[in-house]
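A structural walkthrough
The lines below spell out each chain.
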Amino acid sequence: MLSTSVLVLNRLYQPVHVTSVRRAIILLYRGAAKAVDEQYQTFDFESWAELAVAIHEESIGTSSRRLRVPRVILLQAYDHLPRAKVRFSRLNIYARDRNTCQYCGRTPARAELNLDHIVPRSRGGLTTWENVVCSCVPCNLKKGGRTPDEAHLKLLRFYSQWLPFLNTADLAYWNVELASE
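We now turn to the structure provided with this report. (Residues numbered from 1 in each chain as written. Predicted model: local features only at pLDDT ≥ 70, side-chain atom pairs only at ≥ 80, totals over all residues. Heavy atoms only, no water.)

Brief notes about the overall build of the chain
Put simply, the rule is: Helix and strand labels come from DSSP, where a helix needs a run of H or I of at least four residues and a strand needs a run of E of at least two; each type is numbered from the N terminus. Each residue's exposure class comes from its accessible area (1.4 Å probe, protein chains only) as a fraction of the maximum for that residue type: buried when under 20%, exposed when over 50%, partly exposed otherwise. It only takes one pair of heavy atoms within 4.5 Å for two residues to be counted as in contact.
Helix and strand content of the chain: 5 helices and 9 strands. Each helix and strand of the chain, ordered N terminal to C terminal, gives the series β-β-α-β-β-α-β-β-β-α-β-β-α-α. In the chain, which comprises 181 residues, the share counted as buried stands at 45%. Intrachain contacts of the chain at a sequence separation of at least 6 include 59% that bridge at least 24 residues.

See the structure below:
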(Lines give C-alpha, C1' and ligand atoms only; values in the text may rest on other atoms or scores of the structure.)
Protein backbone atom coordinates (compact mmCIF):
# COMPACT_ATOMS: atom_id res chain seq x y z
CA MET A 1 0.00 0.00 0.00
CA LEU A 2 2.85 2.43 0.79
CA SER A 3 4.22 2.17 -2.73
CA THR A 4 0.92 2.84 -4.53
CA SER A 5 0.39 6.13 -6.36
CA VAL A 6 -0.70 9.57 -5.18
CA LEU A 7 -1.38 12.49 -7.51
CA VAL A 8 0.62 15.63 -6.60
CA LEU A 9 -0.86 19.06 -7.41
CA ASN A 10 0.92 22.41 -7.37
CA ARG A 11 -0.57 25.37 -5.45
CA LEU A 12 -2.69 26.14 -8.52
CA TYR A 13 -4.31 22.68 -8.35
CA GLN A 14 -2.52 21.54 -11.51
CA PRO A 15 -1.17 17.97 -11.66
CA VAL A 16 2.62 17.98 -11.68
CA HIS A 17 3.74 14.55 -10.55
CA VAL A 18 2.79 11.12 -9.24
CA THR A 19 4.47 9.94 -6.03
CA SER A 20 4.14 7.06 -3.57
CA VAL A 21 1.85 6.97 -0.54
CA ARG A 22 4.98 6.81 1.62
CA ARG A 23 6.35 10.07 0.16
CA ALA A 24 2.91 11.74 0.31
CA ILE A 25 2.56 10.95 4.03
CA ILE A 26 6.05 12.37 4.66
CA LEU A 27 5.14 15.58 2.79
CA LEU A 28 1.91 15.84 4.80
CA TYR A 29 3.70 15.23 8.10
CA ARG A 30 6.35 17.87 7.33
CA GLY A 31 3.69 20.43 6.36
CA ALA A 32 4.90 20.67 2.77
CA ALA A 33 1.56 19.40 1.44
CA LYS A 34 -2.09 19.01 2.35
CA ALA A 35 -4.36 16.08 1.56
CA VAL A 36 -7.30 16.76 -0.75
CA ASP A 37 -10.50 14.74 -0.31
CA GLU A 38 -13.34 13.99 -2.71
CA GLN A 39 -15.10 17.26 -1.75
CA TYR A 40 -11.92 19.26 -2.54
CA GLN A 41 -11.37 20.04 1.13
CA THR A 42 -7.74 20.25 2.22
CA PHE A 43 -6.30 18.78 5.40
CA ASP A 44 -2.97 19.15 7.15
CA PHE A 45 -1.48 16.01 8.68
CA GLU A 46 -3.21 16.31 12.06
CA SER A 47 -6.67 17.00 10.64
CA TRP A 48 -6.21 14.20 8.06
CA ALA A 49 -5.15 11.80 10.81
CA GLU A 50 -8.26 12.68 12.84
CA LEU A 51 -10.62 11.63 10.02
CA ALA A 52 -12.31 8.34 10.70
CA VAL A 53 -11.42 5.50 8.38
CA ALA A 54 -14.45 3.80 6.85
CA ILE A 55 -14.34 0.05 6.39
CA HIS A 56 -14.14 0.27 2.58
CA GLU A 57 -11.44 2.96 2.50
CA GLU A 58 -7.77 2.33 1.91
CA SER A 59 -5.73 2.87 5.06
CA ILE A 60 -2.40 2.18 6.68
CA GLY A 61 -1.69 1.40 10.29
CA THR A 62 0.55 3.42 12.57
CA SER A 63 1.51 2.56 16.12
CA SER A 64 -1.49 4.45 17.49
CA ARG A 65 -4.20 4.54 14.78
CA ARG A 66 -5.31 3.84 11.22
CA LEU A 67 -4.61 6.59 8.71
CA ARG A 68 -6.59 7.10 5.48
CA VAL A 69 -4.46 6.85 2.35
CA PRO A 70 -4.46 10.19 0.52
CA ARG A 71 -4.83 9.82 -3.25
CA VAL A 72 -4.35 13.53 -4.01
CA ILE A 73 -2.05 16.00 -2.25
CA LEU A 74 -1.60 19.73 -2.75
CA LEU A 75 1.91 21.17 -2.41
CA GLN A 76 1.98 24.31 -0.26
CA ALA A 77 4.90 26.18 -1.78
CA TYR A 78 5.21 24.88 -5.34
CA ASP A 79 3.51 26.95 -8.03
CA HIS A 80 5.53 26.10 -11.12
CA LEU A 81 3.59 25.01 -14.15
CA PRO A 82 3.92 21.47 -15.43
CA ARG A 83 6.39 20.81 -18.21
CA ALA A 84 5.35 20.82 -21.84
CA LYS A 85 3.23 18.08 -23.32
CA VAL A 86 4.59 14.70 -24.29
CA ARG A 87 3.29 13.45 -27.63
CA PHE A 88 0.43 10.99 -27.31
CA SER A 89 1.57 7.74 -28.93
CA ARG A 90 1.40 3.99 -28.43
CA LEU A 91 5.09 3.84 -27.43
CA ASN A 92 4.67 6.69 -24.91
CA ILE A 93 1.67 4.93 -23.34
CA TYR A 94 3.75 1.74 -23.09
CA ALA A 95 6.61 3.72 -21.51
CA ARG A 96 4.28 5.55 -19.11
CA ASP A 97 2.77 2.25 -17.96
CA ARG A 98 6.18 0.51 -17.91
CA ASN A 99 5.02 -2.14 -20.42
CA THR A 100 2.75 -3.47 -17.68
CA CYS A 101 -0.88 -4.46 -18.04
CA GLN A 102 -2.81 -1.95 -15.93
CA TYR A 103 -5.40 -4.60 -15.01
CA CYS A 104 -3.44 -7.73 -14.03
CA GLY A 105 0.07 -6.32 -13.48
CA ARG A 106 1.79 -8.73 -15.87
CA THR A 107 4.66 -7.51 -18.04
CA PRO A 108 4.38 -9.59 -21.21
CA ALA A 109 6.40 -9.11 -24.38
CA ARG A 110 5.50 -5.89 -26.18
CA ALA A 111 3.92 -7.91 -29.00
CA GLU A 112 1.36 -9.17 -26.44
CA LEU A 113 0.41 -5.66 -25.28
CA ASN A 114 -2.20 -3.32 -26.65
CA LEU A 115 -4.03 -0.17 -25.66
CA ASP A 116 -7.37 -0.13 -23.89
CA HIS A 117 -9.87 2.70 -23.50
CA ILE A 118 -11.00 2.77 -19.85
CA VAL A 119 -14.34 4.23 -20.94
CA PRO A 120 -14.89 2.41 -24.24
CA ARG A 121 -15.07 4.49 -27.42
CA SER A 122 -18.48 2.92 -28.08
CA ARG A 123 -19.67 4.76 -24.95
CA GLY A 124 -18.10 8.08 -25.82
CA GLY A 125 -14.65 7.44 -24.32
CA LEU A 126 -11.95 9.63 -25.81
CA THR A 127 -8.45 8.71 -26.91
CA THR A 128 -6.65 10.78 -24.25
CA TRP A 129 -3.88 10.24 -21.71
CA GLU A 130 -6.50 9.88 -18.98
CA ASN A 131 -8.63 7.30 -20.79
CA VAL A 132 -6.07 4.99 -22.46
CA VAL A 133 -3.95 2.41 -20.64
CA CYS A 134 -1.63 -0.43 -21.56
CA SER A 135 -3.23 -3.87 -21.27
CA CYS A 136 -2.40 -7.45 -22.14
CA VAL A 137 -4.50 -9.18 -24.78
CA PRO A 138 -6.32 -11.52 -22.31
CA CYS A 139 -7.37 -8.62 -20.06
CA ASN A 140 -8.43 -6.53 -23.04
CA LEU A 141 -10.56 -9.41 -24.33
CA LYS A 142 -12.04 -9.94 -20.85
CA LYS A 143 -12.93 -6.25 -20.57
CA GLY A 144 -14.34 -5.99 -24.08
CA GLY A 145 -16.66 -3.01 -24.55
CA ARG A 146 -17.34 -2.65 -20.82
CA THR A 147 -15.94 -0.41 -18.12
CA PRO A 148 -13.40 -1.96 -15.71
CA ASP A 149 -16.07 -2.14 -12.96
CA GLU A 150 -18.51 -3.94 -15.24
CA ALA A 151 -15.79 -6.43 -16.23
CA HIS A 152 -14.74 -6.88 -12.57
CA LEU A 153 -11.27 -5.47 -13.30
CA LYS A 154 -9.40 -2.89 -11.25
CA LEU A 155 -6.93 -0.40 -12.66
CA LEU A 156 -3.57 -0.68 -10.91
CA ARG A 157 -2.31 2.91 -11.18
CA PHE A 158 -5.44 5.04 -11.50
CA TYR A 159 -7.68 6.37 -8.79
CA SER A 160 -11.08 8.00 -9.18
CA GLN A 161 -10.02 10.76 -6.77
CA TRP A 162 -7.62 12.00 -9.49
CA LEU A 163 -10.32 12.65 -12.12
CA PRO A 164 -11.40 16.17 -11.09
CA PHE A 165 -7.84 17.42 -11.45
CA LEU A 166 -7.09 15.86 -14.83
CA ASN A 167 -9.45 17.83 -17.02
CA THR A 168 -6.94 20.69 -17.34
CA ALA A 169 -6.19 19.19 -20.80
CA ASP A 170 -3.72 16.46 -21.63
CA LEU A 171 -0.93 17.27 -19.20
CA ALA A 172 1.18 14.34 -20.33
CA TYR A 173 -0.36 11.90 -17.87
CA TRP A 174 0.39 14.00 -14.85
CA ASN A 175 3.79 14.98 -16.15
CA VAL A 176 5.45 11.59 -15.87
CA GLU A 177 8.77 11.57 -17.72
CA LEU A 178 8.91 9.00 -20.44
CA ALA A 179 11.98 7.05 -21.47
CA SER A 180 13.02 7.44 -25.08
CA GLU A 181 12.86 4.34 -27.24
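Describing the packing of aromatic side chains
Which entries qualify depends on this criterion: Between 30 and 60 degrees the pair is tilted, below 30 it is stacked and above 60 it is edge-to-face, where a pair is any two Phe, Tyr or Trp rings, Trp via its six-membered ring, whose centres lie within 6.5 Å.
Applying the stated criterion to the full structure yields 3 aromatic pairs. Ring geometry for tyrosine 29 against phenylalanine 45: centres 5.2 Å apart, planes inclined by 90°, an arrangement best described as edge-to-face. Taken as a pair, tyrosine 29 in helix α1 (residues 21-30) and phenylalanine 45 in helix α2 (residues 45-50) lie far apart in primary sequence, 16 residues in all. Look at tyrosine 29 and you get exposed, because its relative accessible area is 62%. When the centroid spacing of 5.4 Å and the interplanar angle of 80° are considered together, the rings of phenylalanine 88 and tryptophan 129 count as edge-to-face. Here phenylalanine 88, found in the loop between β7 (72-75) and α3 (90-96), pairs with tryptophan 129, found in the loop between β8 (113-117) and β9 (132-136); they are 41 residues apart in sequence, far enough to count as distant. Exposure remark for phenylalanine 88: the relative accessible area of 30% places this residue in the partly exposed category. What makes tryptophan 129 buried here is its relative accessible area of 2%.

A few points about the pattern of salt bridges
Note that side chains of opposite charge can pair when their charged atoms are close. Here is the rule: Note on definitions: salt bridges are taken to be side-chain nitrogens of Lys or Arg within 4 Å of carboxyl oxygens of Asp or Glu.
Across all of its chains, the model carries 5 salt bridges by this definition. Of the charged contacts, one joins aspartate 97 and arginine 96 as a salt bridge, the two residues approaching to 2.8 Å between their closest N and O atoms. Comparing aspartate 97 with arginine 96 shows no difference in burial state: the two are buried.

Section: the pairing of β8
Two faces belong to every sheet, and in a regular strand the side chains alternate between them. Our working definition: Here, a strand pair is defined by DSSP locating no fewer than two bridges between the strands.
Across the 5 residues that make up β8, a large majority, 4, are buried. Bridge analysis of β8 against β9 gives 5 bridges, and the strand direction is antiparallel. Looking at the pairing, asparagine 114 lines up with serine 135 of β9.

Considerations on the nonpolar core
Threshold: What we call a nonpolar core is a set of buried Ala, Val, Leu, Ile, Met, Phe, Trp, Tyr and Cys residues that are connected through their side-chain atoms within 4.5 Å.
If you look at the biggest cluster of nonpolar residues, it comprises 19 residues, and the most contacted ones within it are Ile25, Leu28, Phe45, Trp48, Leu67 and Ile73. Looking at this core, the elements with two or more residues in it are β1 (5-9), α1, β3 (33-36), α2 and β7. Considering every element that reaches this core, the biggest residue donor is α1, with 5 residues. Those residues in contact with phenylalanine 45 that lie beyond four places of it in its chain are Ile25, Leu28, Tyr29 and Leu67.

Topic: the sheet that holds strand β4 (residues 42-43)
Condition: Lines are fitted to the C-alpha atoms to define the axes, a helix being fitted only along its stretch in contact, and any angle between axes, read from their N-to-C directions, falls within 0 to 180 degrees.
Strand order across the open sheet formed by 5 strands is β2-β1-β7-β3-β4, with mixed pairing between neighbours. Lying at the two open borders of the sheet, with one neighbouring strand each, are β2 (15-20) and β4. With 3 bridges connecting them, β1 and β7 associate as parallel partners. For leucine 7, the partnering residue across the bridge sits in β7 and is valine 72. Packed on one face of the sheet, α1 meets β1, β2, β3, β4 and β7 and runs near 110° to β2.

Interpretation in functional terms is not warranted from these geometric data alone.
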